[in-house]
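These are the residues of each chain, in order.
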Amino acid sequence: DAGRCHQNLRALAERARQLNSYLWIDMEQTAYVDATLEIVRRLQAEFGNVGVCLQAYLHRTMDDLVALRPLGVGVRLVKGAYSEPPALAFPRKADVDENFFQIAVAMLAPQGRPAAFRAVFGTHDALLIARIRAHCKTIGLADSALEVHMLYGIQRAEQLRLVQAGVRVCVLIAYGAFWFPWYMRRLAERPANVGFVIRSMFAR
Ligand SMILES: Cc1cc2nc3c(=O)[nH]c(=O)nc-3n(C[C@H](O)[C@H](O)[C@H](O)COP(=O)(O)OP(=O)(O)OC[C@H]3O[C@@H](n4cnc5c(N)ncnc54)[C@H](O)[C@@H]3O)c2cc1C
């Protein structure tokens, strides 16, 4: 129910504005992308404090970025967690990683970038983050201009390393009555994550 979803999100955006905070909206399967972006555009026009997740595995994502950026909608770029057909998404991980990097370059480009635009990279991929940081250096952006978001409990050692280097790091924490099903769903999206979580609990 898009109308009800919009109303619920209006309440959250309003509360975020009162607290001088920011509202990030996640992205689900491709069937919901257009409806989600439409709500995001309406919320941004009304409140001006809204960002959305875009998925680098989708062929459409560069076009979505180009359309959203002038509106000042923040973008949290992730690789994408769902199983999508090749007509809609890159099937090969190497292509997803390359598309992530190309979109990151476009997000960081100073030309036409509104002051309010928030560019965020939601990934635990240390090599990809290193590549983005190296690109920032070549265009004269300091580490402090970079923002990386990770999930709670994952790659903690990398989070600390990035903070020490001056990168802004936020950790996404699931809370409320549904935190456990949400966290389990995120783990289940990628069975390898269960092993990662256990390993990262002991990582230095
Ligand atoms: C803040 C945030 C918000 C997200 N929101 C969404 C969303 O709205 N919609 C959506 O579809 N997806 C979302 N995701 C999930 C995302 O799409 C990926 O499925 C997930 O982040 C895994 O991809 P990756 O980029 O971290 O690294 P991958 O390419 O999966 O892995 C690269 C390397 O990173 C490290 N790594 C990866 N995962 C872990 C782990 N769990 N623990 C330890 N190390 C790890 C490993 O060294 C691995 O080799 C979100 C992710 C984050 C961090």
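Quick note: structure is the one above.
These figures come from a predicted structure and were not determined experimentally. (Residues numbered from 1 in each chain as written. Predicted model: local features only at pLDDT ≥ 70, side-chain atom pairs only at ≥ 80, totals over all residues. Heavy atoms only, no water.)

Thoughts on the site of the ligand
Close to the ligand lie 25 residues, the nearest being Lys79, Gly80, Thr123, His124 and Ile154. The separation between an oxygen atom of the ligand and a polar main-chain atom of glycine 80 is 2.7 Å. Threonine 123 places a polar side-chain atom, nitrogen or oxygen, 2.6 Å from an oxygen atom of the ligand. Relative to its unbound accessible surface of 930 Å², the ligand loses 89% to contact with the protein. Those elements that provide at least two residues to the shell around the ligand are β2 (50-55), β3 (74-78), β5 (147-151) and α8 (192-202). Sort the elements by how many residues they give to the shell around the ligand and β5 lands first, with three residues. (Near = heavy atom within 4 Å. Polar contact = N/O pair within 3.5 Å; in protein donor to acceptor, adjacent residues only side chain to side chain. Areas by Shrake-Rupley, 256 points an atom, 1.4 Å probe, with all protein chains shown as cover. Helix = DSSP H or I, 4+ residues; strand = E, 2+ residues; numbered from the N terminus.)

Here's the deal with the sheet that holds strand β4 (residues 119-122)
The strand order β1-β2-β3-β4-β5-β6 describes an open sheet built from six strands, whose pairing is parallel. Both edges of this open sheet fall to β1 (23-25) and β6 (168-172), since each of them pairs with a single strand only. Here the strands of the sheet are splayed against their neighbours by 25 degrees on average, with no regard to which way each runs. In the sheet, β5 pairs with β6 via five bridges, with the strands oriented parallel. The partner of leucine 151 across the bridge, within β6, is leucine 172. Across the sheet, helix α2 (residues 33-47) is in contact with β1 and β2; its angle to β2 comes to roughly 160 degrees. (Pairing = 2+ DSSP bridges. Axes fitted to C-alpha atoms, helices over the stretch in contact; angles between N-to-C directions. Contact = heavy atoms within 4.5 Å.)

Some thoughts on the pattern of salt bridges
Counted under the stated rule, the structure contains 15 salt bridges. The closest approach of N and O atoms between arginine 10 and glutamate 46, which form a salt bridge, is 2.4 Å. Placement of arginine 10 in helix α1 (residues 2-18) and of glutamate 46 in helix α2 is noted, with a sequence separation of 36 residues between them. You can call glutamate 46 partly exposed: its relative accessible area is 36%. (Salt bridge = Lys/Arg side-chain N within 4 Å of Asp/Glu carboxyl O. Buried < 20%, exposed > 50% of the residue type's maximum accessible area, 1.4 Å probe, protein only.)

Here we look at the side chain of aspartate 64
Tracing the sequence through the fold places aspartate 64 in helix α3 (residues 61-68). In terms of polar contacts, aspartate 64 uses its side chain to reach the side chain of arginine 60, at 2.7 Å. The residues touching aspartate 64, leaving out its near neighbours within four places in the chain, are Val33, Leu37 and Leu54.

Digging into the packing of helix α4 (residues 93-108) against helix α5 (residues 126-138)
As a packed pair, α4 and α5 sit with axes 11 Å apart at the nearest point and diverge in direction by 30 degrees. Of the two possible hands of crossing, α4 and α5 adopt the one that is right-handed. Residues Asp97, Glu98, Phe100, Phe101, Ala104, Val105 and Leu108 of α4 form the contact with α5, whose own contacting residues are Leu128, Arg131, Ile132, His135 and Cys136. When its residues are assigned to classes, the contact of α4 with α5 shows eight nonpolar, one polar and three charged. (Left-handed = near helix turned anticlockwise from the far one by under 90°. Nonpolar A, V, L, I, M, F, W, Y, C, P; charged D, E, K, R; others polar.)

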